[in-house]
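# Observations on chain architecture
Okay, here's what each chain looks like letter by letter:
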Amino acid sequence: MIYTVIVLFVLHALYYRYVPVRGVKELTSLSSYEHVTLLDVRDYNEKDEINGALRIPVAYLKRHYQAIPNRQVIIIAKSHLEKNVAIRLLRRYHFSVQGYYIKEHEHANALKMVKCH
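Rules behind the numbers
- Residues numbered from 1 in each chain as written.
- Predicted model: local features only at pLDDT ≥ 70, side-chain atom pairs only at ≥ 80, totals over all residues.
- Heavy atoms only, no water.
- pLDDT = per-residue confidence, 0-100.
- Contact = heavy atoms within 4.5 Å.
- Core = buried A, V, L, I, M, F, W, Y, C linked by side-chain atoms within 4.5 Å.
- Buried < 20%, exposed > 50% of the residue type's maximum accessible area, 1.4 Å probe, protein only.
- Helix = DSSP H or I, 4+ residues; strand = E, 2+ residues; numbered from the N terminus.
- Lys, Arg positive; Asp, Glu negative; His and termini not counted.
- Salt bridge = Lys/Arg side-chain N within 4 Å of Asp/Glu carboxyl O.
- Pairing = 2+ DSSP bridges.
- Axes fitted to C-alpha atoms, helices over the stretch in contact; angles between N-to-C directions.
- Parallel < 35°, antiparallel > 145°, perpendicular 65-115°, else oblique.
- Nonpolar A, V, L, I, M, F, W, Y, C, P; charged D, E, K, R; others polar.

## As for the confidence of the model for the protein chain
Keep in mind that low pLDDT regions are not for reading the predicted coordinates in detail. Considering every residue of the protein chain, the mean pLDDT works out to 86; 89% of them sit at 70 or more. Here residues 107-111 is modelled with pLDDT under 50, and outside its nearest four sequence neighbours on either side it reaches zero contacts, counting other chains as well.

Pasting the structure below:
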């Protein structure tokens, strides 16, 4: 019985983080959207700011979702994991997520492995 509960808990956690959210489209660019809040859910230590976007990291969404001025939002995330968690949290609080944009590190692919002798 206890193993069943543990397995169900683990499966729910995996689903919550890794299974893509249905019905939310990926945006290729952040063009002008009217009456929609751009919500940046990346960490505060990300250096590039997006003009006009409200920045609330995923870890703080449960505490600060009331600061989001509009019920229609577009998510800006660093990874698909952040995007999935943010969309599910916002839907729990009755937000309408219009789409998402993945803003990757500009230098993520530029890192080279150095062979040590």
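## With respect to the nonpolar core
If you look at the biggest cluster of nonpolar residues, it comprises 23 residues, and the most contacted ones within it are L39, V41, L61, I68, I75 and L90. Looking at this core, the elements with two or more residues in it are β4 (72-77), α3 (80-92) and β5 (96-102). When residues in this core are grouped by element, the largest group, five residues, is from α3. Excluding its chain neighbours within four sequence positions, the residues that come into contact with L39 are L54, I56, L61, I68, I74, I75, I76 and L90. One finds L27, V36, I50 and I76 within the second-largest nonpolar core, a separate group that totals seven residues.

## Section: the side chain of K83
Relative to the elements of secondary structure, K83 occurs in helix α3. Here K83 sits buried without a salt bridge, and the closest side chain of opposite charge, E26, lies 7.4 Å off (N-O distance). If we skip the residues at most four places from it in the chain, K83 touches P20, V21, A77, Y100 and I102.

## Here we look at the pairing of β4
Every other side chain in a regular strand lies on the same face of the sheet, so the side chains alternate between the two faces. Burial of β4 is extensive: five of the six residues sit out of reach of the surface. For strand β2 (residues 37-40) and β4, the ladder comprises four bridges, and the chain directions are parallel. Its bridge partner lying in β4, T37 is registered against V73. Bridge analysis of β4 against β5 gives six bridges, and the strand direction is parallel.

## Considerations on the sheet that holds strand β1 (residues 25-26)
Taken together, five strands build an open sheet; the order of strands is β1-β5-β4-β2-β3 and the sheet is parallel. Only two strands of the sheet have a single partner each, and these edge strands are β1 and β3 (53-55). Along the sheet, α3 makes contact with β2, β4 and β5, crossing β5 at roughly 170°.

## A few points about the packing of helix α1 (residues 2-18) against α3
Packed helices, taken two at a time, are described by their axes: the angle between them and the distance between them. Closest axis-to-axis distance for the α1/α3 pair is 6 Å, and the angle between their directions is 100°. When the axis of α1 is compared with that of α3, the two are roughly perpendicular. Each of Y15, Y16, R17 and Y18 in α1 lies in contact with α3, whose residues at this interface are L81, N84, V85, R88, L89 and R92. Residues of the contact of α1 with α3, tallied by class, amount to six nonpolar, one polar and three charged.

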